[in-house]
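Tertiary structure, described
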Amino acid sequence: MHKFTALIVAATCALLTPQPAAQDVKPDRRFTAWDKNKDGRLTRGELPKQERKNFARVDVDMDGFISLAEHQAFRRSSSSPRPAQTRRASVPKGMVTKTNIAYAGTDNPRQVLDLAVPKKRAHNNPLPVLVYIHGGAWRHGSKNGGLSQIAHFLETSRYAGVSVGYRLSQEKIWPAQIHDCKAAIRWIKANSKKYGLDPKRIAVCGHSAGGHLGAMLGLTGDQKELEGKLGSHQDQNSQVAAVIDFFGPTQFLLMDSKPGTMVHDDPGSPESQLVGGPIQSNKKKTLHASPLTYASKNDGPFLIIHGTTDMIVPCHQSEILDAALDKLGVESTLIRVRGAGHGVHGRLLDEIGLSFLDRQFYRGKARLADKIIERKDLTRARKRDQR
């Protein structure tokens, strides 16, 4: 465990407060009319046919039902949660792709990755790599479609892309997920020469649970106990150069200290399922799985993006990580999107992400500043730098 764990345990215990009462949610006539059995939640079959296509977008905790809070959050926000994998249709043209590459030396269909390299490169040097890690509460989701999530970066021909699959919590609990991700990074480094990649310029990007795993990669490159023994590339390390973290949890034990639509301390919560038991009854293992535990002055730069009204992963989770990195002198930029919930995305955020990576890997513009942007501005694209 990291040398600062004892301090973080003490600080966490001091900060833990009883969970606040859930925010009052006023009745909704549409919800009430659709709720045929009056159990306070909606199944797909209870929805009108024209609404059923949105079911997965509204059911953000993926429990198979739509709560009143989820229903109203979807109605309020044009950036309502939806599976990140469906946001874009495909990988940009002009990319050579290889799919389902086994990175761990197993035949497990979860331990595979997809790779995309541009046919025509912007330059002849080895390319930086952007690795995408999917979300889904560590119990859902797939690497499929992950390359399309980073299409904005790939279409510049300045980056190669990788989408990583990993074992879900119902198959194997923590730390299997980070062992998988680290094995994937080691595979990339071991095969970098073959594909014309730069092993020293690897960034990771992920949404929600994928943001958590990306942050863990960014903060634990020097943590040998988290490396695992997967794959045949133990001579490589799993250090990455930069992280783009979209609304990932960072300190599980504090998630219920802010209002939300989920009880994260519950034994059935995604976090409890990840660590194999209620998080408050398994504090040591929970801290082992929390990125904030590992923050140190040697960490690489972070770009952290979060909606201010996220009721699944409170924005506070990003704020405390950003504050910790700032205090340590690590380059960290926090972008908050006012009025946006879980699943926030948009062209403006793509451009901010590209500026961040170009700064790290192509001597781009000056360091980004923390800022709050408005939800209505998310579709506004800035003029792209020409390099």
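Attention in this report is confined to the structure presented alongside it. Every residue gets a number counted from 1 within its own chain, in the order that chain's sequence is written. Whole-chain, interface and lining totals are the exception, using all residues; otherwise, since this is a predicted model, local features are given only for residues with pLDDT of at least 70 and side-chain atom pairs are given and counted only at 80 or more. The side-chain figures draw on all heavy atoms in the structure; neither hydrogens nor water molecules are used.

**Comments concerning the overall build of the protein**
Only DSSP runs of H or I covering at least 4 residues are called helices, and only runs of E covering at least 2 are called strands; the numbering of each starts at the N terminus. Scanning the protein for helices and strands turns up 13 helices and 11 strands. Counting over 387 residues, the protein shows a buried share of 56%. Contact definition: two residues touch when any of their heavy atoms are within 4.5 Å. Long-range contacts, defined here as pairs at least 24 residues apart, represent 76% of the contacts in the protein between residues at least 6 apart. For the protein, the exposed area adds up to about 17000 Å²; of that, 51% sits on carbon and sulfur atoms. Think of it in three bands: residues with accessible area under 20% of the maximum for their type are buried, residues over 50% are exposed, and the middle band is partly exposed, with areas taken using a 1.4 Å probe on protein chains only. In short, Shrake-Rupley with a 1.4 Å probe defines the accessible areas, and a residue's cover is counted only from the protein chains shown.

**Points about the packing of helix α7 (residues 176-190) against helix α9 (residues 209-219)**
The convention used is that axes are lines fitted to C-alpha atoms, helices contributing only their stretch in contact, and that angles between N-to-C directions extend from 0 to 180 degrees. The geometry of α7 relative to α9 is characterised by a closest axis approach of 10 Å and an angle of 65° between their N-to-C directions. Viewed along their axes, α7 and α9 form a crossing whose handedness is right-handed. Residues Gln177, Ile178, Cys181, Lys182 and Ile185 of α7 touch α9, and the partners they reach there are Leu213, Met216 and Leu217. Looking at the contact of α7 with α9, its residues break down into six nonpolar, one polar and one charged. Each crossing gets its handedness from the near helix: less than a right angle anticlockwise from the far helix is left-handed, clockwise is right-handed. For this scheme, ten residues count as nonpolar: Ala, Val, Leu, Ile, Met, Phe, Trp, Tyr, Cys and Pro. Four count as charged, namely Asp, Glu, Lys and Arg, and the remainder, Gly too, count as polar.

**Focus: the nonpolar core**
Here, nonpolar core refers to any group of buried Ala, Val, Leu, Ile, Met, Phe, Trp, Tyr and Cys residues whose side-chain atoms link them within 4.5 Å. Counting 91 residues, the largest nonpolar core has Tyr103, Leu113, Val131, Ile188, Leu349 and Leu357 as its most contacted members. For Leu349, the residues in contact, after removing those within four places along its chain, are Phe246, Ile305, Ile335, Val337, Val344, Ile373 and Leu378. The next biggest cluster of nonpolar side chains, apart from the first, holds eight residues, and it includes Phe31, Trp34, Val58 and Leu68.

**Regarding the sheet that holds strand β5 (residues 127-133)**
Read from one edge to the other, the open sheet built from nine strands follows the order β3-β4-β6-β5-β7-β8-β9-β10-β11, with strand pairing classed as mixed. Across the chains shown, the open sheet's two edge strands, defined by having one partner strand only, are β3 (95-102) and β11 (371-374). Taken over all neighbouring pairs, the strand axes of this sheet differ in orientation by 15° on average, direction set aside. Here a strand pair is declared whenever DSSP counts at least two bridges between the two strands. In terms of strand pairing, strand β7 (residues 197-207) meets strand β8 (residues 242-246) through five bridges, oriented parallel. Directly across from Ala203, in β8, lies its bridge partner Ala242. Sheet strands touched by helix α13 (residues 347-361): β5, β7, β8, β9 (302-307), β10 (332-338) and β11. Its angle to β8, the strand with the most contacts, is close to 165°.

**Overview of the packing of aromatic side chains**
Here a Phe, Tyr or Trp ring, Trp counted by its six-membered ring, pairs with any other such ring whose centre lies within 6.5 Å, and the pair is stacked when the planes are under 30 degrees apart, edge-to-face when over 60, and tilted otherwise. By the definition in use, this model includes five aromatic pairs. An angle of 55° between the planes, with centres 6.5 Å apart, marks the rings of Tyr159 and Phe361 as tilted. Residue Tyr159 is located in the loop between α6 (151-154) and β6 (160-164), and its partner Phe361 is located in helix α13; the two are separated by 202 residues in the primary sequence. Considering the side-chain rings of Phe246 and Phe247, the 6.3 Å spacing of their centres and the 75° angle between planes classify their relative orientation as edge-to-face. Since its relative accessible area comes to 7%, Phe246 is described here as buried. The rings of Tyr159, Phe361 and Tyr362 are connected pair by pair, giving a single aromatic cluster. Whether a charge lies above a ring is judged from NZ of Lys or CZ of Arg, which has to be within 6 Å of the ring centre and within 35 degrees of the ring normal. When the ring centre of Tyr362 is taken as reference, the NZ or CZ atom of Arg201 above it lies at 5.5 Å.

**Observations regarding helix α12 (residues 316-328)**
What a helix is expected to span follows from its residue count: subtract one and scale by 1.5 Å. Over its 13 residues, α12 extends 18 Å from the first C-alpha to the last, a length consistent with the 18 Å expected when each residue adds 1.5 Å. Here α12 has its buried residues at His316, Gln317, Ser318, Ile320, Leu321, Asp322 and Leu325. Packed against the buried residues of α12 are α9, β8, β9 and β10. Following α12 by one or two positions, Gly329 adopts a phi angle in the positive range, close to 85°.

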